[in-house]
Amino acid sequence: MSGGAPAGAAGGRPRVGLFVTCLVDLYRPTVGFAAVKLLEDAGCEVVVPEAQTCCGQPAYNSGDRPDAMAIARQVIEAFRGFDYVVVPSGSCGGMLKDHYPALLAGDPAMKDAAEDLARRTFELTSFLVDVLGFENVRASLATSATYHDSCSGLRELGIKAQPRRLLAKVDGLELKELPGAEVCCGFGGTFCVKYPEISTDIVAKKTADIVATGASLLLAGDMGCLLNMAGRLKREGASVKVRHVAEVLAGMTDEPAIGEGGG
Amino acid sequence: MSAFPVTSRNFRKNTAKAHADENLRKALKRMESGAIVRRAAVVAELPEFDALRDEALAIKNHVLGNLDFYLERFEAQVKAQGGHVHWCATPRQARETILSICQAVGARTATKGKSMIAEEIALNPFLEENGIEPVETDLGEYIIQLADEPPSHIIGPALHKTKEQVTELFHQHHRKYGREERVTDPQALVNEAREILRQKYIDADVGITGANFLIAETGSTIIVTNEGNGDLTQMLPRVHVVITSIEKVVPTLEDVSTILRVLARSATGQEFSSYTTFSTGPKRAGDLDGPEQFHVVLLDNGRSDLLGTEMQDLLRCIRCGACMNHCPVYHSVGGHAYGWVYPGPIGAALDPHFLGIEEAQHLPNASTFCGRCESVCPMRIPLPDIMRHWRERAFESAVTPPQQRFGIRLWAWVAMRPALYRAGARLAMRLLAWLGRREGRLSSLPFAGGWTAGRDLPAPQGRTFQELWAARRGARK
Amino acid sequence: MSEAREKILRGIRRSLGRGPRLGEERAALQARLASPRPNLIPKRARLPHAEQVVLFQAMAEKLDATVARVSSLAEVPDAVAEYLAARNLPTTIRMSPDPELDAIPWDRRPLLTLHRGRAAPEDLVGLTPAFAGIAETGTLMFASGAARPATINFMPDTHIAVLRSSQVVGDYETAFARLRAAAGREDGLFMPRTVNLVTGPSRTGDIEQTLILGAHGPRRLHVVLVDDEAH
Ligand code: SF4
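Given the structure is predicted, the values throughout are model-derived calculations rather than measurements.

The next thing to look at is the overall build of chain C. Across its full length, chain C holds six helices and 12 strands. Projected onto its principal axes, the C-alpha coordinates of chain C cover approximately 70 × 45 × 40 Å. Out of the 231 residues in chain C, the part that is buried amounts to 55%. A fraction of 72% describes how many contacts in chain C between residues 6 or more apart in sequence connect residues 24 or more apart. In the structure as shown, chain C presents an accessible area of about 9500 Å², 53% of it carried by carbon and sulfur atoms.

Moving on: the interface of chain B and chain C. With 107 residues of chain B at the contact, the number on the chain C side is 84 residues. A combined buried area of about 7900 Å² lies between chain B and chain C, and 55% of that area is made up of carbon and sulfur atoms. Its largest share of buried area at the contact with chain C, chain B owes to F69(B), R194(B) and E254(B), together 10% of the area lost on that side. Counting every contact that joins chain B to chain C gives 15 salt bridges. A salt bridge links E271(B) to K62(C); the shortest N-O distance between them is 3.4 Å.

The next point concerns the domain arrangement of chain C. Segmentation of chain C into domains returns domain 1 (1–35) and domain 2 (45–226). Spacing between the C-alpha centres of domain 1 of chain C and domain 2 of chain C amounts to 40 Å.

With that out of the way, let us pick up the packing of helix α4 (residues 65–78) of chain A against helix α5 (residues 90–103) of chain A. Residue and element names in this part refer to chain A. Packing of α4 against α5 leaves a shortest axis separation of 10 Å and a crossing angle of 115°. Considering only the axes of α4 and α5, their crossing is left-handed. Seen from α4, the contacting residues are R65, A68, M69, I71, A72, V75 and I76; seen from α5, they are L96, Y100, A102 and L103. Tallied by class, residues from the contact of α4 with α5 come to 10 nonpolar, no polar and one charged.

Turning our attention to the pattern of salt bridges. Side-chain pairs of opposite charge can arise whenever the charged atoms involved come near each other. Applying the stated rule across the entire model yields 75 salt bridges over all chains. Linking E72(B) and R5(C) is a salt bridge whose minimum nitrogen-to-oxygen distance equals 3.6 Å. With E72(B) in helix α4 (residues 67–80) and R5(C) in helix α1 (residues 2–16), the pair connects residues from two separate chains. The exposure class of E72(B) is partly exposed, given its relative accessible area of 23%. Among the ionic pairs, R148(C) bridges to D98(C), the shortest N-O distance being 3.8 Å. Placement of the pair is R148(C) in the loop between β6 (139–143) and β7 (158–164) and D98(C) in the loop between β2 (92–95) and α5 (99–102), with a sequence separation of 50 residues. For R148(C), a relative accessible area of 30% corresponds to the partly exposed category.

Rules used throughout
Residues numbered from 1 in each chain as written. Chains lettered and ligands numbered in written order. Predicted model: local features only at pLDDT ≥ 70, side-chain atom pairs only at ≥ 80, totals over all residues. Heavy atoms only, no water. Helix = DSSP H or I, 4+ residues; strand = E, 2+ residues; numbered from the N terminus. Buried < 20%, exposed > 50% of the residue type's maximum accessible area, 1.4 Å probe, protein only. Contact = heavy atoms within 4.5 Å. Areas by Shrake-Rupley, 256 points an atom, 1.4 Å probe, with all protein chains shown as cover. Buried area = accessible area lost by both parts, 1.4 Å probe. Salt bridge = Lys/Arg side-chain N within 4 Å of Asp/Glu carboxyl O. Domains from an automatic or database assignment. Axes fitted to C-alpha atoms, helices over the stretch in contact; angles between N-to-C directions. Left-handed = near helix turned anticlockwise from the far one by under 90°. Nonpolar A, V, L, I, M, F, W, Y, C, P; charged D, E, K, R; others polar.

Have a look at this one:
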């Protein structure tokens, strides 16, 4: 056990419910397993409730408030009783932490539960660094990487230093700062298919900045942004590889990178 | 010139046009590197900046909760010093009020300082139709007046124009003043406009300015400018008309000092604008200059309906433009694409109120919710939340296109049934992974043209996490 | 339009879900107006007076004004003449008909031609007395009046302001408090017709975001800062 994890409610290891997020579940299970590994390395007991699907952002951000509320209730129910809820995504983490309480503020039956969930919920890197003080990254990757700060993580949850701090401990990894790392990549959930011309225009600026860093690997903490940037980089024929930050931290980089064949 | 048509409905078409406009793209690029860097630098020089934002927000919230009181007090103070206040519920009332002020003094020309409210009420075409020549004096406004275009940014109205275009406009319109030469250097262009407009200030019968703030304590109106055009506009003609809106009132000079500290820094990245001018009533006995009449035209135009709603925070806006300066969508499409007076995030949040959600539905939808606008807004207006409220209203009132509504509702229905969701996800991901098995990605896919037009679709790994996790747990047991 | 007035006020109250502010609530709002209190003043401005004067000069220069410090009003004519000569500017000056400026021994520099009164279109150099200098941003405050026409602050190409060091304050709020105190009334009716806060010369960025000085107002702003305090 490492990192001095605070004890769970029962006095033993903290029990963490992993909110996998729909994109990790569907697209890139490796990220889910990387999160599990990091959490277990940090001394947590990890549980993945079956009754989870998505955090509800597609409905919420499309203006379908009733469905977003229904999904929020489902998530709250599924994650009752855990010491912590950890999410490998700033965007979905922000949804649980910031938006559920606002969404259910008018529902007396769920208001307290939503706030309680919000208190227990953390984005993965923030949980490792801010809550567990986890330092014991045991991974090595001899390459140069750059890091994109996904918007919700950065601006809703204040995640900026945490992933960098953990990445600095990866053996052999050189981190090159991305100019404009805090500028949106143009994903925006359903935005990217509702306004594809604008989305493509925005991501093309981002990929130009990424390529200009000369880094061989692009990292970020949100699958949506990663799929968007990887898709654009591949379309442009760029050789930059793309991975979720958790894969690198957990040393799980054997699988092909996002959008790469040969797996 | 006629009033510019509202084209918010054609947002997609406007976007395509903007993307094809190389000059616009260059201008927007300049803004990304210029305005953002300047703001960050000047904010870094003032450690109290965020604390001042909080105070500014509290002041405005206090005003909005007592708006009736402060407006009445402002009115009383203006009157006590010999000025007039004209309350106007609608743009039409405001236009007619201003026209009648102009007509009462037999005005032929009116010089104008920059005013977004004048744009909102489409004042210029109305004055022209009624035989009064409006002359814009802010250089940017002057340029687009010559070009017969609406502003593309709330503080840099001609941001989309290149200096070559300005050269051509000046050449074409200044020949009547005997200027045959083509001037190309920006300094020389500014000089030429300066000289021509100087005479206009002197000849004008009425000077119309906007107001950044109204002070209840003293009955003063305030304009914040860099060029000094607003000052010449209001001090040289006989009549000074201030066109403004009800939410601009602030209690005291101390309160406005707080807000001024965040305004220029947010807007142009300056420590302070060159000119912050307080106008109080007409000229006083013995004064050698200044207007003989002082009129304040106070527009509501539905603002009072926003009070007490989830949109009330919009009324804190001080029109600094920081939100659009930092907006990736604005950087992509520019100001004209929004199709009405207020572009960028503030426009996306505000325009539906003026235009109706049906006309303006694209604006709050065309946002990634990246939140950078809110993070720089000096008044901490939750712009993404307000855009989301508009999306909700569109969804409720079936303004959202039926395919989208149906798609979302169907998806949510499935997402509420985890077992069904898991089964469907397994199948779908297997198919998608199989399709992308060779390259690890797909370059086109039916029904995903929106995604694949400009980027590949990475293929999923093939099995869902839930599936693999269940297998692993089974193995562990 | 009083119909519109009632409509708007009613609409505001309806939206806020209340009637007009009366009684204690009203009294509290009136009290807030009657004794205005400063909000947060940046630390930068809260300095001993002598340092405020230094900060004023530094900020004014940073924001494209020039500053000459002299030790008495008697030295103003030299400072003005030297400033104009160094830049090859005309020596005919439009000056506020202000007693304090009149008290300056202008005859020391007989080549300076002074015209008093409001600005005329042909004036190229203007000279006006400042009401205050605000250190935090190097801002000048001008208050209009019969002896201080505001047009001189804007029409001439070159604007020279005379500021006494005792007029330098740290922040805007203190300058406004002095304005209030100078009028000696408590009903809020103390503002002159025009109060100008001027920070550097006129500028524009409207052509390709290139900064150009001298858009419509003065191209140059020069401050003659007169030390009028005992040391
Ligand atoms: S919304 Fe905020 S950032 Fe945008 S113009 Fe208004 S005050 Fe400025």
